[in-house]
Amino acid sequence: MASWQIRSWLSNNLRRVASCSVSTQAALPKNTCAAFSLIRSQPSQYIVASLAGRKYLLAPRDLLTVPHLKDVRVGDVLALQDIHEIGSRDYTLRGDPVISPSRVKVEATVVEHTKGKMEVVFKKKRRKGYQKTIKNKHPYTRLRIGSIEFPQPSDS
């Protein structure tokens, strides 16, 4: 078959499949409370949160390695404040720019303070006899992400 025949056959079959497909798009929620309840009903959720100046895509029980956090000890529990997005397999809710901490509660536990691999920087200047080796290990903090909770808003 020539290439134009293959393209024609593919476009006809794709058109046929597209016209036969059933729309499985879910209904959109009317307000944010309904959106939170839909996300809560899903089997797995995720969040996009800022921590130490970077955004991370996180799920419950994830182990996250971030640059060293000062003033925290192993076993401390941190509440994630800057949550930009929360979602599940079918639904996503984005903040403008963040979702209120009263709506979503996520905690992270400090597991350990560790260092990265040895980084070696070798400096040299030709014909001068100058050689210098710099070795460094960057410090990191490892966090275990807890469950994603949706506190019920108070009716006051």
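Residues numbered from 1 in each chain as written. Predicted model: local features only at pLDDT ≥ 70, side-chain atom pairs only at ≥ 80, totals over all residues. Heavy atoms only, no water.

> Outline the side chain of Gln 42, supporting the account with residue identities and numerical values.
Take Gln 42: it is sitting in the loop between helix H2 (32-41) and strand E1 (45-51). Residue classification places Gln 42 among the buried positions, given a relative accessible area of 15%. Beyond its immediate chain neighbours, meaning those up to four positions away, Gln 42 contacts Ser 88, Arg 89, Asp 90 and Tyr 91. (Helix = DSSP H or I, 4+ residues; strand = E, 2+ residues; numbered from the N terminus. Buried < 20%, exposed > 50% of the residue type's maximum accessible area, 1.4 Å probe, protein only. Contact = heavy atoms within 4.5 Å.)

> Tell me about the pairing of strand E9 (residues 130-136), and please be specific about residues and values.
Note on strand geometry: in a regular strand, side chains alternate between the two faces of the sheet. Bridge count for strand E8 (residues 119-125) against E9 is 7 bridges, and the pairing is antiparallel. Paired with Val 121 across the bridge in E9 is Ile 134. The turn linking E8 back onto E9 is made up of 4 residues, and Arg 127 within it adopts a positive phi angle of 60°. (Pairing = 2+ DSSP bridges.)

> Describe the nonpolar core, with residues and values.
Counting 26 residues, the largest nonpolar core has Ile 47, Leu 58, Leu 80, Ile 86, Val 104, Val 106 and Leu 143 as its most contacted members. Those residues in contact with Val 106 that sit more than four places away from it in its chain are Ile 47, Leu 78, Ala 79, Leu 80, Ile 83, Ile 145, Ser 147 and Ile 148. (Core = buried A, V, L, I, M, F, W, Y, C linked by side-chain atoms within 4.5 Å.)

> Break down the sheet that holds strand E10 (residues 139-149) for me, citing the residues and quoting the values.
In space, the 4 strands of this open sheet follow the order E3-E10-E7-E4, with antiparallel pairing throughout. Each edge of the sheet is formed by a strand with only one pairing partner; in this case those strands are strand E3 (63-67) and strand E4 (77-79). Looking at each pair of strands side by side, their axes are set apart by 40° on average, direction ignored. Taken together, the 9 bridges between strand E7 (residues 105-115) and E10 define a ladder with antiparallel strand orientation. Pairing of Thr 109 across the sheet is with Arg 144, part of E10. (Axes fitted to C-alpha atoms, helices over the stretch in contact; angles between N-to-C directions.)

> Before we move on, can you summarise the packing of aromatic side chains with the specific residues and values?
On inspection of all chains with the given rule, the structure shows 1 aromatic pair. Over the face of the ring belonging to Tyr 130 we find Lys 125, whose NZ or CZ atom lies 5.6 Å from the ring centre. (Phe/Tyr/Trp six-rings, centres within 6.5 Å; stacked < 30°, edge-to-face > 60°. Lys NZ or Arg CZ within 6 Å of the ring centre and 35° of its normal.)

> So what's going on with the environment of Leu 78? Which residues, and what values?
Here Leu 78 lies in strand E4. Note: C-alpha distance between Leu 78 and Gly 146 (68 residues apart in sequence) is 9.9 Å. Non-local contacts of Leu 78, meaning those with residues more than four positions away in its chain, are made with Leu 69, Val 72, Val 106, Glu 107, Ala 108, Val 110 and Leu 143.

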